[in-house]
Amino acid sequence: MARWCYRHRLVVLILWVGALFGVGFSASAAGTNYANVFSLPDTDSKSAYDLMQKAFPSTSGDTDTVVWKVDDGSVRDQAVRTRVQPALDKIAKMPGVGAVASPYAGARGAAQISGDGKIAYAQLTFTKRANEVPKDLVQNVVDTAQNAERGGLRVELGGQAIQRIQEPPQGLSEMVGIVAAAVVLFLAFGSLFAMLLPIAIAVFGVGMGLFSTQLLSHTTDVPDIAPLLASLIGLGVGIDYALFIVTRHRRGIQRGMDPEESAVTALNTSGRAVLFAGGTVCIALAGMLVTRLRFLDGVVIGTSLTVVLSVLAATTLLPALLGLLGPRVLSRRQRRRLAANGFETEKASGLAARWSVNVQKRPRRIAALALVVMAVLAIPVLSLRLGATDQGNDDASTTTRKAYDLLAEGFGPGFNGPLQVVSVSGDTATLVKGIDATPGVARVAPLPPAKGVTVIQVVPTTSPQSKQTDDLIDTLRNEVIPKAGAQAHVGGVTAVSKDFASVTGDRLPLFIATIIGLGFLLLLVAFRSLVVPLTAALMNLIAAAASFGVLVAVFQWGWGLDLLGLGKEGPINAFLPVIMLSLLFGLSMDYQVFLVSRMHEEWVHTRDNARAVRVGLAETSRVINSAALIMVCVFLAFVLSGDSGAAMAGVGLAAAVALDAFILRTALVPAAMHLLGNSNWWLPGWLERRLPHLAVEPKEEALEPPAAHGPASAVHGFIRTSDGEPVDGASVTLLSNGGRQLDRVTSLADGSYIVSVPAPGTYLLATTAAPYGSRAAHVAVAEGPVVFDVELAEGEVDAVN
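Residues numbered from 1 in each chain as written. Predicted model: local features only at pLDDT ≥ 70, side-chain atom pairs only at ≥ 80, totals over all residues. Heavy atoms only, no water.

**Here's the deal with the overall build of the protein**
Assigned secondary structure in the protein consists of 25 helices and 18 strands. Projected onto its principal axes, the C-alpha coordinates of the protein cover approximately 105 × 50 × 45 Å. Looking at the protein as a whole, 56% of its 801 residues are labelled buried. Sequence-distant contacts in the protein: of pairs separated by 6 or more residues, those separated by 24 or more amount to 76%. As displayed, the protein offers around 33,200 Å² of accessible surface, 59% of which is attributable to carbon and sulfur atoms. Once the 64 positive and 64 negative side-chain charges of the protein are each reduced to a mean point, those two points are 1 Å apart. (Helix = DSSP H or I, 4+ residues; strand = E, 2+ residues; numbered from the N terminus. Buried < 20%, exposed > 50% of the residue type's maximum accessible area, 1.4 Å probe, protein only. Contact = heavy atoms within 4.5 Å. Areas by Shrake-Rupley, 256 points an atom, 1.4 Å probe, with all protein chains shown as cover. Lys, Arg positive; Asp, Glu negative; His and termini not counted. Charge placed at Lys NZ, Arg CZ, Asp CG, Glu CD.)

**Some details on helix 11 (residues 259-286)**
Helix length check: helix 11, at 28 residues, gives a terminal C-alpha distance of 38 Å against a target of 40 Å (1.5 Å per residue), a fit within 8%. Of all 28 residues in helix 11, 21 are buried; the element is thus mostly enclosed. Measuring from the side-chain oxygen of the N-cap residue of helix 11 to the backbone nitrogen of Glu 260 gives 3.1 Å; that N-cap residue is Asp 258. (Expected span 1.5 Å × (residues − 1). Polar contact = N/O pair within 3.5 Å; in protein donor to acceptor, adjacent residues only side chain to side chain.)

**Concerning the confidence of the model for the protein**
Any segment with low pLDDT has predicted coordinates that should not be analysed in fine detail. Summarising the model, the protein shows a mean pLDDT of 83, and 92% of its residues fall at 70 or more. Within the protein, the element-level pLDDT minimum falls on helix 5 (residues 106-110), averaging 72, and the maximum on helix 15 (residues 363-378), averaging 94. Within the model, pLDDT remains below 50 along residues 797-801, and this stretch shows 25 contacts once partners closer than five positions in the same chain are excluded. (pLDDT = per-residue confidence, 0-100.)

**Focus: the pairing of strand 11 (residues 713-721)**
Taken together, the six bridges between strand 11 and strand 14 (residues 752-757) define a ladder with antiparallel strand orientation. Considered in strand 14, the bridge of Ala 714 is made with Ser 756. Pairing of strand 11 with strand 17 (residues 786-787) involves two bridges; the strand directions are parallel. Bridging from a neighbouring strand, Val 715 pairs with Val 786 of strand 17. The pairing of strand 11 with strand 18 (residues 790-792) spans three bridges and is parallel. Residue pairing across strands places Thr 721 opposite Leu 792, the latter belonging to strand 18. (Pairing = 2+ DSSP bridges.)

**A look at the environment of Phe 527**
Secondary-structure assignment places Phe 527 in helix 19 (residues 493-527). Look at Phe 527 and you get buried, because its relative accessible area is 1%. It is 11 Å that separates the C-alpha atoms of Phe 527 and Trp 603, two residues lying 76 residues apart in sequence.

**Re helix 2 (residues 9-30)**
Compared with an ideal rise of 1.5 Å per residue, which puts 22 residues at 32 Å, helix 2 spans 32 Å between its outermost C-alpha atoms and is within 8% of the ideal. Those residues of helix 2 not exposed but buried are Val 12, Trp 16, Leu 20, Val 23, Gly 24 and Ala 27. Summarising the axial view, the buried residues of helix 2 lie within an arc of 100°, below the 170-degree limit, and thus occupy one face. Residues Leu 10, Ile 14, Leu 15, Phe 21, Phe 25, Ser 28 and Ala 29 are exposed on helix 2 and point more than 90 degrees away from its buried face. (Arc of directions from axis to C-beta.)

**Regarding the pattern of salt bridges**
Tallied over the entire structure, the rule returns 14 salt bridges. Residue Arg 385 is joined to Asp 470 by a salt bridge in which the shortest nitrogen-to-oxygen separation is 3.9 Å. With a gap of 85 residues between them, Arg 385 in the loop between helix 15 and strand 5 (386-387) and Asp 470 in helix 18 (residues 467-484) connect regions that are remote in the sequence. Arg 385 gets classed as partly exposed once you look at its relative accessible area, which sits at 25%. The class of Asp 470 is buried, set by a relative accessible area of 17%. (Salt bridge = Lys/Arg side-chain N within 4 Å of Asp/Glu carboxyl O.)

**Quick word on the environment of Gln 420**
Within the secondary structure, Gln 420 sits in strand 6 (residues 419-425). On a C-alpha basis, the gap between Gln 420 and Ile 456 in space is 5.6 Å, while along the polypeptide they are 36 residues apart. Filtering out sequence-adjacent residues up to four positions away, Gln 420 remains in contact with Met 52, Val 455, Ile 456, Gln 457, His 489, Val 490, Gly 491 and Gly 492.

**Description of the nonpolar core**
If you look at the biggest cluster of nonpolar residues, it comprises 154 residues, and the most contacted ones within it are Met 288, Tyr 591 and Phe 635. Residues in contact with Phe 635, not counting those within four places in the same chain, are Leu 232, Leu 587, Gly 650, Leu 653, Ala 654 and Val 657. Counting 27 residues, the second-largest nonpolar core is a separate cluster that includes Val 84, Leu 124, Phe 126 and Leu 137. (Core = buried A, V, L, I, M, F, W, Y, C linked by side-chain atoms within 4.5 Å.)

**Considerations on the packing of aromatic side chains**
Under the counting rule described, the total for this entry stands at seven aromatic pairs. Their ring planes at 15° and their centres at 5.7 Å tell us that Trp 603 and Trp 681 sit as a pair that is stacked. Taken together, the residues Trp 603 in helix 22 (residues 576-606) and Trp 681 in the loop between helix 24 (644-676) and helix 25 (685-690) connect sequence positions 78 residues apart. The pair formed by Trp 603 and Trp 681 is uniform in burial state, with each residue classed as buried. Ring-pair connections join several aromatic residues into one group, and the members of that group are Tyr 121, Phe 411 and Phe 415. Here the guanidinium or amino end of Arg 9 rests over the ring plane of Tyr 6, the centre of that ring lying 5.3 Å away. Lying over the aromatic face of Phe 193, Arg 328 brings its terminal NZ or CZ to 5.5 Å of the ring centre. (Phe/Tyr/Trp six-rings, centres within 6.5 Å; stacked < 30°, edge-to-face > 60°. Lys NZ or Arg CZ within 6 Å of the ring centre and 35° of its normal.)

**Digging into the sheet that holds strand 4 (residues 153-158)**
What the four strands build is an open sheet, ordered 2-3-1-4; its pairing is antiparallel. Among the strands making up the open sheet, the edge pair consists of strand 2 (97-101) and strand 4. Going across the sheet, the axis of each strand differs from the next one's by a mean of 20°, ignoring polarity. Both strand 1 (residues 63-70) and strand 3 (residues 119-126) contribute to a ladder of seven bridges, which runs antiparallel. Paired with Asp 64 across the two strands is Leu 124, which belongs to strand 3. Against the sheet, helix 16 (residues 399-411) engages strand 1, strand 3 and strand 4, with an angle of about 110° to strand 4. (Axes fitted to C-alpha atoms, helices over the stretch in contact; angles between N-to-C directions.)

**Points about the sheet that holds strand 16 (residues 774-781)**
What the four strands build is an open sheet, ordered 13-12-15-16; its pairing is antiparallel. What marks the edges here is a single partner per strand, and that holds for strand 13 (741-746) and strand 16. This sheet shows a mean twist of 20° between the axes of neighbouring strands, independent of strand direction. Bridging between strand 12 (residues 731-735) and strand 13 involves five bridges; their strand directions are antiparallel.

**Examining a nonpolar patch on the surface**
Together, Met 175, Val 179, Val 183 and Leu 187 make up an exposed nonpolar region whose accessible area comes to about 420 Å². Note that Val 183 resides in helix 8 (residues 172-189). With relative accessibility at 48%, the residue Val 183 sits in the partly exposed group. (Patch = residues over 30% accessible without salt bridge, like charges linked within 9 Å, V, L, I, M, F, W, Y side chains within 5 Å.)

**Regarding the pairing of strand 16**
As paired elements, strand 15 (residues 761-768) and strand 16 share eight bridges and run antiparallel to each other. From the neighbouring strand, Ala 766 faces strand 16, where its bridge partner is Ala 776. Here strand 15 hands over to strand 16 after five residues, the two strands then running antiparallel side by side.

**What about the state of the cysteines?**
A full pass over the atoms with the stated rule returns zero disulfides. In this model Cys 5 remains outside any disulfide bridge; the closest cysteine sulfur is found in Cys 282, 19 Å from its own. (Disulfide = S-S within 2.5 Å.)

**Let's talk about the packing of helix 8 against helix 9 (residues 192-216)**
In the contact formed by helix 8 and helix 9, the axes pass within 8 Å of each other and the chain directions differ by 145°. Along this stretch, helix 8 crosses helix 9, giving a crossing that reads as right-handed. The residues of helix 9 that touch helix 8, namely those facing Ile 178, Ala 181, Ala 182, Leu 185, Phe 186 and Phe 189, are Leu 192, Ala 194, Met 195, Pro 198, Ile 199 and Val 203. Taken together, the residues that form the contact of helix 8 with helix 9 break down as 12 nonpolar, no polar and no charged. (Left-handed = near helix turned anticlockwise from the far one by under 90°. Nonpolar A, V, L, I, M, F, W, Y, C, P; charged D, E, K, R; others polar.)

Next comes the structure, spelled out in structure tokens:
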């Protein structure tokens, strides 16, 4: 497939561009129809909601609030009334505004003025839902209301529609993430064209994913946070997957391979790993379905579709773009060196190689240090409290936060989250008295019954997000209502949030067991080992605990919130653990696959665990760390999205990816694998025979007869120390440019060796012997045998190609 895409690159490019513009045009014409459907069957709040819908069918429009406060006098003063009422009348006449309930409208409106007369509010109802109200109309409402301000009179506005105009420009977070990723890629590659490749793949994958999700919102319930999360995960995996393939392709060209063969080899090795990694991400995302929370179904659809399209772009569009660029995927300096030398040896030297050797020398110390760091970061997770954020968590400078605070000041902290006790039978008067006498209740107001249903508005003395309000809901449900002998249910936004958090918490263990079990089975089949998937599962749990610890410290304890400009501390969004764990398990599995697949490849060739772990870490740590740095930049950019849920997910995932890549995969995993030794690759014989074969690496290709390419030849010589002493028993391996093992021998007592070569060409000769280091070098073979002597030095660092 890679070869076909490479050779028909213009056709592939035109198909992708046509598909992107076609789907984009369709999505723009259809518009959006996102819907936040919190379906919580078998919960008390859902029963209350169903009864209210039956008895009081409300309009579908969004209800927002205009709040004003005077420093001196009263809001009833004529001077205040003559400024505010005309503004409310003007708002009421705007097309798209259904009704405005003013506090100056007789006895009913008097309840909308605070006891001290300093604060009042008006409720305005739009004719459409918040996400459908035009931003121009909302801005006009805000401007009209705030034009009534004067010295000593403040006017603020709150509500979902008002919140929309406070959001930064759409696409700002994505653009910042892409620019940050471009900087990291340019520093990693040193080439403008190579930098643009992963960006292009991410743009195509995310663009197709978002447009497709927008179209699907017309046929199924997709929450409005789904496109944000889809672009967040799509940008991360799209850039990372292309990065892994382009890195392998560049290495192949530097070894002297033809660009087409290099691209095919890169797709047949790293491309397979990308396909496998993308599958694990989708499986982890699909794990959300076991929670049976309808709200998350649309998130699964949007994010999984974007990941699938990103993988498709990386495996079809990328080889076409590589064909268009040819050798220009290398920097000019690298192309000049390639033209002068014929090939360039890219050694895993410097920090990566030195760190890899240090991990091998001190595995216990490094593993213990990494575990201590992760354990300390995980401590805050013990105080994790799930709930829902509201406008009280907005930044203090926003009008929605100011309106929220004014309402809490004038009417009590619980006014922003009233409870609704919905009664269908029993003595309502007794129930109202019982609720009124309950500690934690500020006000009780029964509404006139309709269709046999009575709604009792209950305002708590505490804020919607406080634990005391949660306890009050439990008291009403378990004690007050049964004692009154009534059949009633407690509903309202605060009760729904509590029930959502409870349901999520109850189903979290099943969800975690599902995604860990599926990930374990995939790695078991891929790497033919029991220990590798067990290690991966344990590391995923450690990463999850530490990342949630960071999340609790920042968003629940408020550490650094002001620095990040993320408003006020509060509980963690109830849906976030499921979404974050899905993304985290999928992404961390990516790094595990790329790291262990290279170790497994070396293990298959040498059967030396220490070398396999050392070489695998030295070769992949730089690209994994670059990929992680890109993801951290992309995720942190979503702090600018203006959506508290996306900001939480961005910070949490950035912390998770950073800890996973820089501590777990770079230190703890290789240290543990050194300590476990050959048992890393143990698999019972009976299980080996029953498992299907699903290799991340391509199968060893059978060599064609020598005559097909030219006469067979050989490479021979001596293995000696730096003092000239022969090395007996050194392992000498001949590898193809693609990394396939062609021949392997052991040197004799005099240090001599001979390996057979199938045909003329450039090959890689790798030599290793304890207690000496290893050497790997390219050998060009023409028509006859080639003499190649190797010198080994004790304690030398690997020169790994």
